[in-house]
Amino acid sequence: MPFIVRNINKTTMDEKIFTVSEYVDRLNEGLRKYSAKVIGEVSSANLGPTGHVYFYLKDDKDQSLLKCVIFKSKYDLYGVEIKDGVKIIAFGSPNMHKQYGFSFVAETIEYAGEGLLKKEYEKLKKKLSEQGLFEPARKRPLPKYPQRIGIITALKGAVIADFSNNLEKFGFRVKMIDCRVDGQIAVNDLLLSIKTFKKQDIEVLVIMRGGGSLESLIAFNNERLVLEVANFKVPVIAAIGHHKDVPLVAMAADVSVSTPTVAANILNQSWSQAALSLERYQRNIKDHFQNILLNVRMALDSALAKTFSGFNALLLRFKKQLEYIEKAISANNPERRLALGYSIAKCGDKIIRRTADVRLEDDIDLRVMDGTIISKIKKINKKND
Amino acid sequence: MIKEKSKEKNLNSNLKRLSEITDWFDNQQEADVEEGLKKVKEAVELIKASKARLKNVENEFKEIKKEIDGEDTVTNS
């Protein structure tokens, strides 16, 4: 059955008469599947009035020529100057223009050969360095306790797994954009991803990819991308693996690390420290409060002991005072004086203190220890007599 | 009753009052036994109330510690 259907279709197509436009459209449909990377030396380069660049790629060996065009929007992306004699690799697909005929339409262009790539890398590095783009003073500190993280990386592969496995559970809200990161074709994706994140509420942007050759990392040495990273609204962490030549995007980023694991750890850092501090504060508060309770208990015990000892001292002092008074009273007891030989002389009811208290022939009572002696005044001698 | 409760709750002011009482004993020039006895009775009441309050505080603290230690165990697991 399928065989018959195909035959019917073939017959129908063979008999169909196309307009030129229809046929060119049909041709282009078929040509699209011949997209490829083509290497060759640029010749007859010509910058058109609209900014598109027309040129030929020439084969070294047999001088074969491929007519090419790259549109302005793409040409501006890659920082590759198309001029005669330069060897480039163009990625694109053939296309038959309805007025101007056949051309290979380049989507991306890059310098061919490690030597040339390296030379261009060094040239751009010098230029951007002179602009101060890699200055340490430009680097912004990462916010403390970041939560809203933007990630640009290829979601297939080990990079994102390493990052996710090492990002701890501190309540991060991660937004990811799956993006091509390999070769020149990645430039457009990376620029679009950055553009998208410009409108997002994030605190840190992380751009990641695994290691690779200068050629595979070419997108990360793109001038426009470097400028976008350097001027991005929030700090950027670049975790781009590399061997010798540090990608310029990494040099322009606020923080550059070599692996996604380190990038995740940097994001964890302030949170981990906060968790440790909380633990320490918790322990300190517990210890301090325990000490306060102990001190209160000791203060209460001490107050009780002091009160009791204070009162005991008071009682002792009181007793001593009583004893002293008792002794004093005892020492001044007249009975005791009489026992010592003193006597009390009275004339009538009055105690005789002076010579003037008596007159000659007065009867006086002398009180002694065991009784009273009645006497008569015979003579009075005053002291000054 | 209300007076008793406030006495029990004010650990800090109890300690202050106890300090005043012990200072009174330290600085006493005359042996005023009657006043001294009053102070001893007051101090014993304050100490009893303060110890009861301290016991409550310690129990509350134990509960809080248990709560925190419990949270730590959950977090670590």
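Residues numbered from 1 in each chain as written. Chains lettered and ligands numbered in written order. Predicted model: local features only at pLDDT ≥ 70, side-chain atom pairs only at ≥ 80, totals over all residues.

Colleague: What exactly am I supposed to notice about the overall build of chain B here?
Modeller: A count of helical and extended segments in chain B gives 3 helices and 0 strands. From first element to last, N terminus to C terminus, chain B shows the α and β order α-α-α. Buried positions account for 13% of the 77 residues belonging to chain B. (Helix = DSSP H or I, 4+ residues; strand = E, 2+ residues; numbered from the N terminus. Buried ≥ 20, exposed ≤ 12 C-beta atoms within 10 Å, placed from the backbone.)

Colleague: Would you take a moment to explain the pairing of strand S14 (residues 371-376) of chain A for this structure?
Modeller: Each regular strand carries side chains that alternate between the two faces of the sheet. Residues and elements named next belong to chain A. The buried fraction of S14 is low, at 0 of 6 residues. Here 6 bridges tie strand S13 (residues 363-368) to S14, and the two strands are oriented antiparallel to one another. Of the residues in S14, the one forming a bridge with Ile364 is Ser375. Hairpin connection from S13 to S14: 2 residues lie between these consecutive antiparallel strands. (Pairing = 2+ DSSP bridges.)

Colleague: Even after reading the chapter, I still don't get the packing of helix H5 (residues 158-166) of chain A against helix H9 (residues 260-331) of chain A, so can you show me in this structure?
Modeller: When two helices pack together, their arrangement is given by the angle between the helix axes and the distance between those axes. All names here are of chain A. Interhelical geometry of H5 versus H9 gives an angle of 30° and a closest axis separation of 8 Å. Between H5 and H9, the angle is such that the two are roughly parallel. Between H5 and H9 lies a crossing of right-handed hand. The residues of H9 that touch H5, namely those facing Val159, Asp162, Phe163 and Asn166, are Pro260, Thr261, Ala263, Ala264 and Asn265. The class makeup of the residues in the contact of H5 with H9 is 5 nonpolar, 3 polar and 1 charged. (Axes fitted to C-alpha atoms, helices over the stretch in contact; angles between N-to-C directions. Parallel < 35°, antiparallel > 145°, perpendicular 65-115°, else oblique. Left-handed = near helix turned anticlockwise from the far one by under 90°. Contact = placed C-beta atoms within 7 Å. Nonpolar A, V, L, I, M, F, W, Y, C, P; charged D, E, K, R; others polar.)

Colleague: I tried to follow unusual backbone geometry on my own but got confused; where do I start?
Modeller: Most of the time, phi is negative for any residue but glycine, and the peptide bond is trans. Residues and elements named next belong to chain A. For Gln63, which is not glycine, the phi torsion reads 65° and is therefore positive. Here Gln63 shows up in the loop between strand S2 (53-58) and strand S3 (65-70). Even without glycine at this site, Tyr145 takes up a positive phi of about 55°. Inspection of the secondary structure puts Tyr145 in the loop between helix H4 (114-130) and strand S6 (148-153). Under the C-beta neighbour-count criterion, Tyr145 is labelled partly exposed, with 14 such atoms within 10 Å.

Colleague: Explain the nonpolar core to me, please; I cannot follow it from the model alone.
Modeller: In summary, soluble globular proteins display a tendency toward joint burial of nonpolar side chains. In this structure, Val206, Ile237 and Val249 of chain A are the most contacted members of the largest nonpolar core, which totals 64 residues. Shared between two domains, this core holds at least three residues of each, these being domain 1 (15-112) and domain 2 (127-133 + 145-324) of chain A. For Val249 of chain A, the contacting residues outside a window of four places in its chain are Ile207, Phe220, Leu225, Val226, Val229, Ala238 and Ile240 of chain A. Counting 11 residues, the second largest nonpolar core, distinct from the first, contains Leu300 and Leu304 of chain A together with Leu11 and Leu46 of chain B. (Core = buried A, V, L, I, M, F, W, Y, C linked by C-beta atoms within 7 Å. Domains from an automatic or database assignment.)

Colleague: For this particular structure, what's the right way to read the pairing of strand S7 (residues 173-178) of chain A?
Modeller: Pairing analysis gives 6 bridges linking S6 of chain A to S7 of chain A, with the strands arranged parallel. Bridge pairing in S7 of chain A links Gly150 of chain A to Lys175 of chain A.

Colleague: Explain the interface of chain B and chain A here, please?
Modeller: For an interface, size is often stated in terms of accessible area lost upon the parts coming together. Contacts between chain B and chain A engage 22 residues on the former and 19 residues on the latter. Those elements that place two or more of their residues in the side of chain B that touches chain A are helix H2 (11-27) and helix H3 (33-76) of chain B. Split into classes, the residues belonging to the side of chain B that touches chain A amount to 14 nonpolar, 4 polar and 4 charged.

Colleague: Looking at this structure, I do not really get the sheet that holds strand S1 (residues 36-47) of chain A. What am I missing?
Modeller: The pairing of strands in a sheet happens through backbone hydrogen bonds and is either parallel or antiparallel. All names here are of chain A. Taken together, 5 strands build a closed barrel; the order of strands is S1-S2-S3-S5-S4 and the barrel is mixed. Neighbouring strand axes in the sheet, compared pairwise and without regard to direction, differ in orientation by 55° on average. Bridge count for S1 against S2 is 5 bridges, and the pairing is antiparallel. Bridge pairing in S2 links Val42 to Leu57.

Colleague: Got a minute to help me understand the sheet that holds strand S8 (residues 204-209) of chain A in this structure?
Modeller: Residue and element names in this part refer to chain A. Spatial ordering of the open sheet is given by S7-S6-S8-S9-S10, a layout of 5 strands whose pairing is parallel. Sheet topology places S7 and strand S10 (255-257) at the edges, where each strand pairs with a single neighbour. Taken pair by pair, the neighbouring strands of this sheet meet at an average axis angle of 20°, ignoring direction. Here helix H6 (residues 186-198) sits on the sheet and contacts S6, S7 and S8; the angle it forms with S6, its principal contact strand, is near 165°.

By themselves, these figures tell us nothing about what the structure is for.
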